[in-house]
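If you want the building blocks of each chain, they are given just below.
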Amino acid sequence: MASQPSTRSSSSSASTASTATSTATQYLVHFVHRHLDFRKCDFDSSLIAQNLSPSSIYAASNFDMLRPFLICTFPDDETATKVAKSTVLIKHIYKVNSVGETTEDCVAKSKPFTSSPTESWKIVFDTFASKFTKSEQSKIMHQFIDLHKPSGPVKMKDPTTTMSIIHEYPVKISGAPMYPRFDHSGSPIPSNVDRPPLSVYFCSNFAAGGRDLVEKYTLKKRTYLGPTSMDNELSLIMCNAALTRPQSYVLDPFVGTGSILFSASVLGGICVGTDIDTRVLKGKGEGGVMRNFLDCNLPLPEIIRGDNSLHSRLFRSREVYDSIITDPPYGIRAGARKSGTTEDRRKPIPDEHRHDHIPQTQVYPVGDVMADLLTVAARGLKVGGRLVYLIPSLKDFEEGDLPTHECLELEWVCYQPLGLLLGRRMVVMKKVKGWVEEKEEEWKEKCWPNGKESADKVEKLREQMAEAAKKERAEGEKQGWGGKLHKTKKQRKKEMRNEVELKKFTD
């Protein structure tokens, strides 16, 4: 089973916000039902970027991975708006009027939502993981209207005040309702129709989240892509976890087609990238890495053809970066390479080819990739800066298998399942003490806490996946699966994956 997400508090790295008073306005945060294990990291990072302590905004005990709603208390409307816009996984933030365990409870606690006869208004009905008929919706809406009798005009388009009635019901890890009120034919399910909701919220629409950036800069709209280009949503989450903000210095030592630096640039970062593969950096007539930045009028990054294993030869400056964000090559879609050759004698380079010569490279073992990456982070990050990287792994991979460094402290581990067995983890580390050159080799040797065993869990993913597939085929033959039962097999996989994920969140 996948390792549990890290529960370390990031509040220590942020200034404590003003203590909320009992009369402070409450806000309802609505998260999208995606990347469930990344929600808290994404939200807390946005709070820290605004110099807020997460513990001053919401109670940690109220944060539930399977519930998309969270009651918060922000210092003011401006701060709430900034946090909403900078959090990738927030769909919307509302101002709370009332919260109840039932509709009647919520109505009884509600307050007038208009203040003058000239103020236009409308009420919209929303549910999460359930459906109500039109007549049911109308009945519930009129309970609020009849109680407060707003005197202003109803205006369905661009009213002064828009109120939302939200009923929250339990949801499965897949996003499907746990207790749907109606079946596929539209007929009521008696056992679920009268089931009470988890909560009922009466709120005013306030601020949209940062979802517009996901759609605006989607990969579908980019000119230059490659097989390892990261999807825009995840790269924005990584940049947010790294506390990327305007004028932050950001490094990606495995830049590839530039997807991560693109997102960092969108958030205002000053970007530097290196990669050993000149062909990927230049592309074939598309303009290479720079093409997407030019198309979107974003500041161009500084791109260098360089070898991560020789990083200290490329950059003399130390402790200059606010964040290092990267997706290292692990050999699943593209293997890592470093400078050098396995041949005994190196071939001389003719003078006429020096201008377009591509240096020889050799295999770069994953264990060395990670040891060098953490060394680069310890050497190049400012104290308090963050390293954010992805690491693919099977379900038996544990937090204790992650590489470590004396200068870096583990902040977050967020898991994204990619299949029944395979997933990847976003790892966030913070630099907690300064670099000491004399200890570089000693620290590098201690990178993998469990030695070769931990490194092999990443190094030999292909072999492990092939072995797992072989066992699955054998089990399929034993159970009598074949072409005719292919759909049954796929359904079984889906159910098993959901069970694994649900157990992870409920343990």
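Residues numbered from 1 in each chain as written. Predicted model: local features only at pLDDT ≥ 70, side-chain atom pairs only at ≥ 80, totals over all residues. Heavy atoms only, no water.

An unreviewed UniProt entry annotates the protein chain as tRNA (guanine(10)-N(2))-methyltransferase of Triparma strigata. Heading Sequence similarities (unreviewed entry) of the UniProt record for the protein chain holds this comment: "Belongs to the class I-like SAM-binding methyltransferase superfamily. TRM11 methyltransferase family." Of the protein chain, the UniProt comment under Subcellular location (unreviewed entry) reads exactly: "Cytoplasm". (UniProt positions renumbered as here; feature names shortened; annotations may be inferred.)

What follows is about the packing of aromatic side chains. One pair of aromatic rings is described through two measures. These are the centre distance and the angle between the planes. Counting across every chain of the model gives 16 aromatic pairs. Measuring from ring centre to ring centre gives 5.4 Å for Y27 and F74, while their planes differ by 75 degrees; the resulting arrangement is edge-to-face. Of the two residues, Y27 is situated in strand β1 (residues 26-31) and F74 in the loop between β2 (69-73) and α3 (77-86); the sequence distance between them amounts to 47 residues. The same class applies to Y27 as to F74, namely buried. Look at W435 and W443: their rings are 5.8 Å apart centre to centre, the planes differ by 70 degrees, and that puts the pair in the edge-to-face class. Judged on exposure class, the residue W435 and its partner W443 are both buried. (Phe/Tyr/Trp six-rings, centres within 6.5 Å; stacked < 30°, edge-to-face > 60°. Helix = DSSP H or I, 4+ residues; strand = E, 2+ residues; numbered from the N terminus. Buried < 20%, exposed > 50% of the residue type's maximum accessible area, 1.4 Å probe, protein only.)

Residues F38, C41, M238, I325, V388, M426 and V428 are the most contacted members of the largest nonpolar core, which totals 35 residues. Elements that contribute at least two residues to this core include exactly α8 (232-241), α9 (259-266), β13 (381-394), β14 (408-417) and β15 (422-431). With six residues, α8 is the single largest residue contributor to this core. Counting residues in each nonpolar core, the second largest holds 32 residues, with M370, V427, M429 and W448 among its members. (Core = buried A, V, L, I, M, F, W, Y, C linked by side-chain atoms within 4.5 Å.)

Glancing now at the sheet that holds strand β6 (residues 199-208). Taking strand neighbours across the sheet as the criterion, the six strands line up as β2-β1-β3-β6-β5-β4 in an open arrangement whose pairing is mixed. The open sheet has two free edges, formed respectively by β2 and β4 (121-128), since each of these has just one partner strand. Here the strands of the sheet are splayed against their neighbours by 35 degrees on average, with no regard to which way each runs. Examined bridge by bridge, strand β5 (residues 161-168) and β6 share six bridges and lie antiparallel to one another. Along β6, the bridge assignment pairs M163 with S204. (Pairing = 2+ DSSP bridges. Axes fitted to C-alpha atoms, helices over the stretch in contact; angles between N-to-C directions.)

The next thing to look at is the packing of α8 against α9. Direction vectors running N to C along α8 and α9 enclose 60 degrees, while the axes themselves pass 9 Å from each other. By the criterion of interaxial angle, the relationship of α8 to α9 is oblique. Of the two possible hands of crossing, α8 and α9 adopt the one that is right-handed. Judged by residue contacts, N232, S235, L236, M238 and C239 of α8 engage S259, I260, S263 and A264 from α9. (Parallel < 35°, antiparallel > 145°, perpendicular 65-115°, else oblique. Left-handed = near helix turned anticlockwise from the far one by under 90°. Contact = heavy atoms within 4.5 Å.)

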